[in-house]
Amino acid sequence: MSDGEMKDGAARQTALLDEIGADCHRLAQELVDSFSVAGARVATAESCTGGLIAAAITDVPGSSAVFERGFVTYSNPAKQDMLGVRDTTLDSYGAVSAQVATEMVLGARRRSGASFAVSVTGVAGPGGGSAIKPVGLVWMGLSGPGDLTSVIELRWDPAWSRALIRAATVRAALEALIGRLAQPTRGQETPGSP
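We now turn to the structure provided with this report. (Residues numbered from 1 in each chain as written. Predicted model: local features only at pLDDT ≥ 70, side-chain atom pairs only at ≥ 80, totals over all residues. Heavy atoms only, no water.)

**Some words on the overall build of the protein chain**
Of the regular secondary structure elements, the protein chain holds 6 helices and 5 strands. The helix and strand sequence of the protein chain, counted from the amino end, reads α-β-α-β-α-α-α-β-β-β-α. Here the C-alpha radius of gyration of the protein chain, 17 Å, is about what a compact globule of 194 residues would show, namely 16 Å. Reported as C-alpha extents along the three principal axes, the dimensions of the protein chain are approximately 55 × 40 × 25 Å. A buried classification covers 46% of the 194 residues belonging to the protein chain. Taking the average location of the 17 positive side-chain charges in the protein chain and that of its 20 negative ones, the two points are 5 Å from each other. (Helix = DSSP H or I, 4+ residues; strand = E, 2+ residues; numbered from the N terminus. Rg over C-alpha atoms; globule rule 2.2 N^0.38 Å. Buried < 20%, exposed > 50% of the residue type's maximum accessible area, 1.4 Å probe, protein only. Lys, Arg positive; Asp, Glu negative; His and termini not counted. Charge placed at Lys NZ, Arg CZ, Asp CG, Glu CD.)

Written out as structure tokens, the structure is:
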């Protein structure tokens with residue numbers, strides 16, 4: 001790749017990062033407004049984003065009416081201690097998995113008492129990826145009242161910067177929470193751990 005192509009790629013990523021940042025600000029405001037009207041509270045459980053989802057929400061004035069707490073569980077022991085993720089789950093599936101994202105989001109809801117929660121665990125890069133779990137792979141858990149907890153697989157471009165992968169994950173989490181609030185309550189809560 002030539003210097004010119006590298007500069008063009010970096011410029012495109014910077015522009016995309018700015019666009020996603022603006023989206024996150026708008027979505028966080030929408031989340032605070034809609035959750036306030038609904039009288040709902042939210043908790044976050046974050047690994048690869050390191051608290052950026054919580055930061056986006058709490059950047060909005062009035063967020064104290066809807067934001068309960070955030071768990072930044074970057075290490076496996078933190079996931080176990082703070083959220084009740086089981087060591088057998090971590091051993092069997094690894095930290096970046098649908099199973100761990102599920103246990104993270106359930107732990108966040110149960111331990112916070114929030115009506116809604118989101119969790120993210122993934123590989124933001126630039127290193128740490130593998131053929132099975134490449135850079136850009138993120139698992140997101142989502143849980144709300146009366147809802148069977150859902151898990152969403154996100155796959156971002158592995159050529160993206162760490163900042164871009166993390167920002168895109170924040171945007172996806174905010175969109176998912178807003179979308180979940182708009183859904184009618186259904187089903188029963190997922191049983192099991194933690």
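Having seen the structure, we can now continue with the description.
**Overview of the environment of Gly62**
Relative to the helices and strands, Gly62 is located in the loop between helix H2 (52–58) and strand E2 (67–72). Remark: the alpha-carbon pair of Gly62 and Gln29, spanning 33 residues in sequence, is separated by 9.3 Å.

**Considering the pairing of strand E4 (residues 137–143)**
Across the 7 residues of E4, 7 count as buried, placing the element largely inside the fold. Where burial is concerned, the two faces of E4 agree: the one with Leu137, Trp139, Gly141 and Ser143 and the one with Val138, Met140 and Leu142 are both buried. Sheet topology note: the strand E3 (residues 116–122)/E4 ladder contains 6 bridges and is antiparallel. By the bridge assignment for E4, Thr121 is matched with Trp139. Taken together, the 6 bridges between E4 and strand E5 (residues 150–155) define a ladder with antiparallel strand orientation. Each bridged residue has a counterpart across the sheet, and for Trp139 the counterpart in E5 is Glu153. (Pairing = 2+ DSSP bridges.)

**Some thoughts on the packing of helix H1 (residues 3–38) against helix H6 (residues 162–182)**
The interhelical angle for the contact between H1 and H6, taken along N-to-C directions, is 25 degrees, at an axis separation of 9 Å. Comparing their axes, H6 and H1 come out roughly parallel. In this structure, H1 crosses over H6, and the sense of that crossing is left-handed. Tallied by class, the residues present in the contact of H1 with H6 amount to 18 nonpolar, 2 polar and 4 charged. (Axes fitted to C-alpha atoms, helices over the stretch in contact; angles between N-to-C directions. Parallel < 35°, antiparallel > 145°, perpendicular 65-115°, else oblique. Left-handed = near helix turned anticlockwise from the far one by under 90°. Nonpolar A, V, L, I, M, F, W, Y, C, P; charged D, E, K, R; others polar.)

**As for the sheet that holds E5**
Sheet architecture is open: 5 strands sit in the order E2-E1-E3-E4-E5, paired in mixed fashion. Two strands in the sheet have a free side with no partner beyond their single neighbour: E2 and E5. Direction aside, neighbouring strands of the sheet carry axes that sit 15 degrees apart on average. In this structure, strand E1 (residues 42–46) lies alongside E3, joined through 5 bridges in parallel fashion. Each residue of the ladder has a partner; that of Ala43, found in E3, is Ala117.

These results come straight from atomic positions and should not be treated as a statement about function.
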